[in-house]
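Fold and geometry: a report
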Amino acid sequence: MLKSKILLLVILTALELNANSLGSLLFHGNCITCHNETKDISAPSMLSVRENYLRAFPKRKDFIEYMSQWVIEPNAETSIMLDAIKKYKLMPLLGYEVTTIEDIAAYIYDTDFLQIHEGHKDKK
Ligand code: HEC
């Protein structure tokens, strides 16, 4: 009985870690080309995107939902960063699955881009 509880706990922990590293992998594979973590280059940094979204959607669920919807269909009408559109032009349509974007949005919500984190290349 205890053994199976421990096993379940181990599995759950592993799944949680995997979900996080999957989001990290997807983010670093698909978003970082345009969004640097901390510097505004060809697009606003993920740090500043995250800050804007956290301000508008403090709850994890709302944050993930809104960001995923927007990334699936980038448009000025539902943008919360109109200045960024003016400065960089509207983000192009990427054509990923909703579930993929949701994993990425969850990773963004959970990640303090100023801190060293999973997927960060130049760990010091
Ligand atoms: C080809 C370049 C490019 C790629 C790749 C890209 N973005 Fe963007 N993104 C932009 C630009 C430019 C903006 C700023 C203009 C805007 O908001 O449309 C932006 C803005 C955003 C915004 C702000 C939306 C708003 O409210 O205006 C979010 C959220 C976002 N990107 C998420 C992502 C995620 C998540 C990925 C990876 C799946 C990604 N982006 C990949 C170029 C890109």
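**Observations regarding the overall build of the protein chain**
- Along the protein chain, the regular secondary structure elements total five helices and zero strands.
- Projected onto the principal axes, the alpha-carbon positions of the protein chain cover approximately 60 × 35 × 25 Å.
- Taking all 124 residues of the protein chain together, the buried fraction comes to 32%.
- Long-range pairs, those at least 24 residues apart, make up 58% of the contacts in the protein chain with a sequence separation of at least 6.

**Focus on the packing of aromatic side chains**
- This structure, assessed with the given rule, holds eight aromatic pairs.
- Seen from their ring centres, F27 and Y107 are 5.6 Å apart, and the 40° between their planes marks the pair as tilted. Of this pair, F27 sits in helix α1 (residues 2–30) while Y107 sits in helix α5 (residues 98–110), and the two are 80 residues apart along the sequence.
- You can call F27 buried: its relative accessible area is 0%.
- Between Y53 and Y66 the ring centres are 6.2 Å apart and the planes differ by 55°, which places this aromatic pair in the tilted class. Of this pair, Y53 sits in helix α2 (residues 46–56) while Y66 sits in helix α3 (residues 60–72); the two residues are 13 residues apart in sequence, bridging distant segments of the chain.
- For Y53, a relative accessible area of 5% gives the class buried.
- Among the aromatic residues, those joined into a ring-pair cluster are Y53, F57, F63, Y66 and Y109.

**Considerations on the site of the ligand**
- If you check the shell around the ligand, you find 27 residues, and the closest are C31, C34, H35, S79 and M91.
- Within the backbone of I80, an N or O atom sits 2.9 Å from an oxygen atom of the ligand.
- Take M91: an N or O atom from its main chain is 2.9 Å from an oxygen atom of the ligand.
- Of all the elements in the fold, those that place two or more residues in the shell around the ligand are α2, α3, α4 (82–88) and α5.
- Of the residues contributing to the shell around the ligand, the split by class is 21 nonpolar, five polar and one charged.

**Looking at the coordination of the iron atom of the ligand**
- Here the iron atom of the ligand is held by the protein donor atoms H35 (NE2) and M91 (SD), which lie 2.0 Å from it.
- Coordination at the iron atom of the ligand is octahedral: its six donor atoms span angles of 87 to 179° at the metal. In this pair, H35 is assigned in the loop between α1 and α2 and M91 in the loop between α4 and α5, connecting sequence segments 56 residues apart.
- For M91, a relative accessible area of 23% gives the class partly exposed.

**Details of the packing of α2 against α5**
- Between α2 and α5, whose axes approach to 10 Å, the crossing angle comes to 90°. Relative to α5, the element α2 is oriented roughly perpendicular. Two secondary-structure elements touch here, α2 through M46, R50 and L54 and α5 through I108, Y109 and D110.
- Its residues assigned to classes, the contact of α2 with α5 comprises four nonpolar, no polar and two charged.

Definitions and limits used
- Residues numbered from 1 in each chain as written.
- Predicted model: local features only at pLDDT ≥ 70, side-chain atom pairs only at ≥ 80, totals over all residues.
- Heavy atoms only, no water.
- Helix = DSSP H or I, 4+ residues; strand = E, 2+ residues; numbered from the N terminus.
- Buried < 20%, exposed > 50% of the residue type's maximum accessible area, 1.4 Å probe, protein only.
- Contact = heavy atoms within 4.5 Å.
- Phe/Tyr/Trp six-rings, centres within 6.5 Å; stacked < 30°, edge-to-face > 60°.
- Near = heavy atom within 4 Å.
- Polar contact = N/O pair within 3.5 Å; in protein donor to acceptor, adjacent residues only side chain to side chain.
- Nonpolar A, V, L, I, M, F, W, Y, C, P; charged D, E, K, R; others polar.
- Donors = N, O, S within 2.8 Å, 3.2 Å for Na, K, Ca; no water.
- Tetrahedral: all angles 85-135°; square planar, octahedral: opposite > 155°, others 65-115°.
- Axes fitted to C-alpha atoms, helices over the stretch in contact; angles between N-to-C directions.
- Parallel < 35°, antiparallel > 145°, perpendicular 65-115°, else oblique.

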